[in-house]
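# Residue-level structural notes
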Amino acid sequence: MSDKPDFPQGSSRWRDRARIAHQTVRANPTGAAVLKVIIGALGAVVVAIGILLIPLPGPGWLIVIGGLAIWAIEFVWARHLLQFTKDKVRGWTEWVTRQSLLVRLLIGLAGLVFVAAVLITTLRYSLGINVVSQAWGYVSAR
């Protein structure tokens, strides 16, 4: 297996231009080293932002996978990890779609409970807002 990524033959004109530009830069040893550093740093920044956002409701994992895709431009290990991740997500999605409606609803409910717990905890310890006591005070006053 080669350590240089190969690009699929795309039908897009900009993708062809980007592929040619990438191959031209990599043909020069200095350009290849600089490209590895730039891709490595950019991917690290995106992955770090994604990891910081994972506990919050939102696209934390999606951002981490985006950073992994940036790394996969230049690093074979990242391409393998990205493919592994895609396979696992595809397998999970297929498994969930084969389940009964009740099981899918319970999975969705568990996801919502988890997101709510993370949101309540984040608000409580980051901003000092106790949502539970405020909601209880609102309900008991009505």
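Up top is the structure.
Below or above, wherever it landed, is the structure these notes cover. As the structure is a computational prediction, the values presented were derived from the model and not from experiment.

Thresholds, definitions, all that
- Residues numbered from 1 in each chain as written.
- Predicted model: local features only at pLDDT ≥ 70, side-chain atom pairs only at ≥ 80, totals over all residues.
- Heavy atoms only, no water.
- Patch = residues over 30% accessible without salt bridge, like charges linked within 9 Å, V, L, I, M, F, W, Y side chains within 5 Å.
- Areas by Shrake-Rupley, 256 points an atom, 1.4 Å probe, with all protein chains shown as cover.
- Salt bridge = Lys/Arg side-chain N within 4 Å of Asp/Glu carboxyl O.
- Helix = DSSP H or I, 4+ residues; strand = E, 2+ residues; numbered from the N terminus.
- Buried < 20%, exposed > 50% of the residue type's maximum accessible area, 1.4 Å probe, protein only.
- Axes fitted to C-alpha atoms, helices over the stretch in contact; angles between N-to-C directions.
- Parallel < 35°, antiparallel > 145°, perpendicular 65-115°, else oblique.
- Left-handed = near helix turned anticlockwise from the far one by under 90°.
- Contact = heavy atoms within 4.5 Å.
- Nonpolar A, V, L, I, M, F, W, Y, C, P; charged D, E, K, R; others polar.
- Phe/Tyr/Trp six-rings, centres within 6.5 Å; stacked < 30°, edge-to-face > 60°.
- Core = buried A, V, L, I, M, F, W, Y, C linked by side-chain atoms within 4.5 Å.
- Expected span 1.5 Å × (residues − 1).

## What about a nonpolar patch on the surface?
Together, L102, L106, L109 and V113 make up a nonpolar patch on the protein surface, roughly 400 Å² of accessible area in all. Among the structural elements, L102 can be located in helix α5 (residues 101-127). Judged by relative accessible area, which is 58%, L102 ranks as exposed.

## Re the packing of helix α3 (residues 60-72) against helix α4 (residues 76-98)
The contact between α3 and α4 brings their axes to 7 Å, and the two run at 140 degrees. Between α3 and α4, the interaxial angle falls into the category oblique. Note on packing geometry: the crossing formed by α3 with α4 is left-handed. Contacts from I65, L68, A69, W71 and A72 in α3 reach W77, A78, R79, L81, L82 and T85 in α4. Of the residues contributing to the contact of α3 with α4, the split by class is 9 nonpolar, 1 polar and 1 charged.

## A word on the packing of aromatic side chains
Summed over all chains, the structure comprises 3 aromatic pairs. The interplanar angle of 25 degrees and the centroid separation of 5.4 Å between the aromatic rings of W92 and W95 together place this pair among those described as stacked. With a gap of 3 residues between them, W92 and W95 both fall in helix α4, about one helical turn apart. A residue is classified by how much of its surface remains accessible, and W95, at 34% relative accessible area, is partly exposed. Taken together, the ring pairs connect W71, F75 and W77 into an aromatic cluster.

## Describing the nonpolar core
Core analysis: the largest hydrophobic core is formed by 10 residues, namely L35, I39, V47, L68, I70, W71, A72, F75, A78 and L82. If you list the elements that add at least two residues to this core, you get α2 (29-53), α3 and α4. Top element by residues in this core is α3. It accounts for 4 residues. Dropping the residues within four chain positions of it, L82 is found in contact with I65, L68, A69 and A72.

## A few points about the pattern of salt bridges
Pairing is possible between side chains of opposite charge, provided their charged atoms come close. The tally for this structure, following the rule as stated, stands at 4 salt bridges. One salt bridge in this structure joins D87 and R90, with 3.2 Å as the shortest N-O distance. Taken as a pair, D87 and R90 lie in helix α4 at a separation of 3 residues, close to a single helical turn. Judged by its relative accessible area of 38%, D87 falls in the partly exposed class. Because the salt bridges share partners, they merge into one network encompassing R26, K36 and E74.

## Topic: the environment of G40
Residue position: G40 is located in helix α2. Between the C-alpha atom of G40 and that of V103, which follows or precedes it by 63 residues, the distance is 41 Å. Those residues within four positions of G40 in sequence are excluded, and the remaining contacts are W71 and F75.

## Quick notes on α5
For α5, built from 27 residues, the straight-helix expectation of 39 Å at 1.5 Å per residue is met to within 8% by its first-to-last C-alpha distance of 38 Å. Looking one or two residues past α5, G128 carries a phi angle of roughly 75 degrees, positive in sign.

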